[in-house]
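Examination of the molecular architecture
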2 protein chains.
Amino acid sequence: MGKRGSITIEDVAKAAGVSRQTVSRVMNNKPGVKPAVRERIEEAIADLGYVPNLAARRMGGARSFLIMAINDRQRTIENWSAGRGNDWVDQMLYGGMLACEKRGYHMLFELVDTEPDEAVRQVRRVLSSLQPDGFILTQPHSENLALADLLTDLKRPFVRIGLPNEDIDAAAIHMDEAAAAETAVRHLTDLGHERIALMAGSAEYRGSYYRKKGYRAAMEEAELTPLIEAAEFHFENAAQLAKEWLSRDDRPTAIIAENDEMAFAILHVADAMGIEVPKSLSVISFEDTPGVRFSVPPLTAIRQPTAAMIARGCELLMDAAEGGAPEGDQVVPFELIERETTGPAPE
Amino acid sequence: MGKRGSITIEDVAKAAGVSRQTVSRVMNNKPGVKPAVRERIEEAIADLGYVPNLAARRMGGARSFLIMAINDRQRTIENWSAGRGNDWVDQMLYGGMLACEKRGYHMLFELVDTEPDEAVRQVRRVLSSLQPDGFILTQPHSENLALADLLTDLKRPFVRIGLPNEDIDAAAIHMDEAAAAETAVRHLTDLGHERIALMAGSAEYRGSYYRKKGYRAAMEEAELTPLIEAAEFHFENAAQLAKEWLSRDDRPTAIIAENDEMAFAILHVADAMGIEVPKSLSVISFEDTPGVRFSVPPLTAIRQPTAAMIARGCELLMDAAEGGAPEGDQVVPFELIERETTGPAPE
DNA sequence: CTGAAAGCGCTTACAG
DNA sequence: CTGAAAGCGCTTACAG
């Protein structure tokens with residue numbers, strides 16, 4: 001027992017009749033240990049229930065076994081304090097914690113301000129105090145050049161959640177936005193729809209660009225006329241636009257909205273105008289936050305694979321911490337979740 | 001600079017012209033440093049942007065600056081994987097992370113199985129690997145005697161989120177359930193209600209006991225006849241019971257439900273029976289999860305002060321890590337959030 | 001294939 | 001009030 005009461009590498013070494021370096025080799029799966037000795041050591045580890053002290057490991061010069069995600073401080077706190085829940089954080093933890101614990105790592109996250117100088121200062125702090133083996137930059141930090149530079153200069157592995165960014169040399173982890181839009185269109189054309197509109201988010205959001213592209217491609221392939229307008233991801237704008245669209249003689253029989261909030265607005269307007277969903281109007285959303293199940297009817301949606309993206313990010317970083325080859329951008333599969341807002345096109 | 005590139009205590013010592021022990025004293029707010037020297041050191045720390053390496057601090061024999069919350073593994077993962085969000089985890093993080101970071105600590109949490117042997121094994125692991133300064137046991141782990149024994153034996157400070165438990169000698173952090181029920185009743189009597197029912201959860205849930213007690217006391221005070229039945233926190237049971245109650249000639253004009261799910265069921269049944277809420281029926285819930293805002297109409301509810309309870313727990317543990325006196329049980333204030341399901345009693 | 005030595009960056013007694 | 005010494009539990013070269 002160590003002087004502080006827990007079992008140490010020295011205890012294992014004694015029990016197995018070897019030196020602590022040899023135990024260390026076994027713990028770290030390094031080659032050059034005779035099978036018989038390795039077995040003896042593994043037995044001793046199991047018998048004693050030995051678990052290495054991470055602080056000591058870190059001090060010895062190894063990794064910290066910590067993966068740090070960086071999140072938008074203000075937005076996260078706002079969501080929490082409004083009691084609104086926080087789907088992003090939940091799914092991030094779901095994907096990240098489980099991926100990390102499988103390999104003996106721990107995931108934690110830090111709330112960081114978006115202002116670049118402040119962000120750099122805060123990340124520097126965790127760098128010094130916790131010395132994580134890798135960083136996951138989530139939106140909007142994944143586009144923060146100052147942060148990317150800091151991490152690059154300090155040679156700390158990091159990945160970005162988001163579309164590739166020319167100015168940052170780090171793996172980008174994202175879903176195929178264009179393919180998702182295509183899938184949404186195809187789901188609707190399969191149901192016989194011909195007048196399918198895309199309610200876009202904002203031009204500043206880079207995903208929108210690819211979604212429009214995918215939408216256009218799928219519409220073209222089906223020989224249909226595209227109808228796109230932006231509503232900036234806001235309820236009010238979306239309601240306004242939905243009212244316009246649904247008042248037309250040749251009104252769309254289906255609308256794809258780029259986020260849940262706009263989809264809710266569409267449902268709201270349709271209800272007010274006496275247009276039944278999905279009988280007279282189909283709606284698909286991009287996002288799939290928990291509130292979606294409470295809408296009437298529950299929304300069919302493209303689900304953002306947040307958990308899978310974060311899990312993939314952790315994998316890359318753990319690989320890097322273990323000296324693995326650097327990997328490139330990652331495209332994570334999305335899913336179309338059919339609920340009750342899509343149905344056959346009206347006659 | 002340390003050999004690994006970051007600024008160390010040695011750098012600060014050199015810059016301030018003192019030994020590293022003196023710097024350590026200043027960092028840890030220990031007495032016995034001449035004010036002038038202290039100032040010089042503080043300046044050097046600021047100039048160099050020095051942040052101590054936590055792993056080294058831990059190795060030196062100090063605290064780890066880590067507070068570990070223990071959560072129900074299965075339930076948490078189920079919620080996440082169903083995409084349902086996880087209000088408990090969100091609010092726990094909200095309260096805990098911010099409380100910890102204010103004092104230079106970090107909060108993390110671990111998903112632990114409820115089976116006692118397995119739980120002990122898992123907590124032993126984090127104890128050895130991360131050596132947290134304190135543990136927060138959340139439900140149902142807060143009632144796990146094996147875990148309490150382990151932590152007690154190892155002299156690790158811990159607090160429990162939940163009602164006091166005779167068998168466990170650790171601070172219990174909870175809200176005043178009886179007072180909350182009284183508040184709910186009083187809110188309704190103030191609105192003129194006289195037939196107020198309590199839809200209880202399950203007798204196994206200890207909070208239910210106090211809520212019933214508070215409800216009875218408040219009803220007695222108002223000279224009203226209590227009406228209590230249990231629906232086990234389930235939607236179906238609650239719907240059944242609501243149907244029964246609302247079919248009576250002297251049906252209640254107000255129902256207090258012990259969780260959101262049962263309150264939703266009541267709204268559902270009322271709607272189906274053509275009973276308008278809040279015009280003909282008022283409903284109050286205990287819980288206030290994010291879904292509450294999506295109900296029609298939005299639920300008036302007693303909000304569980306999860307964030308505040310966890311923050312309080314972290315405070316106690318940080319105090320203990322710093323040698324503070326052990327504090328006793330903590331009652332955290334709740335809040336009644338008025339939304340749209342309560343109104344004046346019908347004529 | 002295995003072990004003796006040195007060191008990581010701190011803190012904790014102990015001297016003075 | 002301040003510093004020299006020892007040590008925490010590991011890993012990393014380096015010997016053999």
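Residues numbered from 1 in each chain as written. Chains lettered and ligands numbered in written order. Predicted model: local features only at pLDDT ≥ 70, side-chain atom pairs only at ≥ 80, totals over all residues. Heavy atoms only, no water.

**Here's the deal with the UniProt feature "domain: HTH lacI-type" (unreviewed entry) in chain A**
Listed under "domain: HTH lacI-type" (unreviewed entry) in the UniProt record, and renumbered for this structure, are residues 7-61 of chain A. Within the segment residues 7-61 of chain A, helix and strand shares are 65% and 0% respectively, and the terminal C-alpha atoms sit 20 Å apart. (UniProt positions renumbered as here; feature names shortened; annotations may be inferred. Helix = DSSP H or I, 4+ residues; strand = E, 2+ residues; numbered from the N terminus.)

**Quick look at the relation of the copies chain B and chain A**
Mapping chain B onto chain A calls for a screw motion: a turn of 180 degrees about the axis and a shift of 0.0 Å along it, with 0.1 Å RMSD after fitting. Those values place the two copies in the arrangement expected of a two-fold rotation axis. Taking C-alpha positions as reference, the residue of chain B nearest the rotation axis is Ala55 of chain B, located at 2.2 Å. Interface overlap between copies: 100% of the residues of chain B at the interface are likewise at the interface in chain A, consistent with a symmetric, same-surface contact. (Least-squares fit on C-alpha atoms with pLDDT ≥ 70 in both. Contact = heavy atoms within 4.5 Å.)

**Focus on the pairing of strand β9 (residues 282-287) of chain B**
All names here are of chain B. In terms of burial, β9 is largely enclosed, as five of its six residues are buried. Of the pairings in the sheet, the one linking strand β8 (residues 254-257) to β9 comprises four bridges and is parallel in character. Each bridged residue has a counterpart across the sheet, and for Ala257 the counterpart in β9 is Ser285. Viewed along the sheet, the connection from β8 through helix α12 (residues 260-272) into β9 turns out right-handed. Examined bridge by bridge, β9 and strand β10 (residues 300-303) share four bridges and lie parallel to one another. Along β10, the bridge assignment pairs Ile284 with Thr300. (Buried < 20%, exposed > 50% of the residue type's maximum accessible area, 1.4 Å probe, protein only. Pairing = 2+ DSSP bridges. Right-handed = clockwise from strand over helix to strand, strands pointing away.)

**Observations regarding helix α3 (residues 35-48) of chain B**
All names here are of chain B. For α3, which comprises 14 residues, the first-to-last C-alpha distance of 20 Å matches the rise-based estimate of 20 Å (1.5 Å per residue) to within 8%. All of the buried residues along α3 are Val37, Arg38, Ile41, Ala44 and Ile45. Along the axis of α3, the buried residues cluster in a sector spanning 125 degrees; they form a single face. Exposed and oriented more than 90 degrees from the buried face of α3 are Pro35, Ala36, Glu39, Ala46 and Asp47. Residues of α3 that are buried sit in contact with α1 (9-16) and α2 (20-27). Downstream of α3 by a residue or two, Gly49 has a phi angle that is positive, lying close to 65 degrees. (Expected span 1.5 Å × (residues − 1). Arc of directions from axis to C-beta.)

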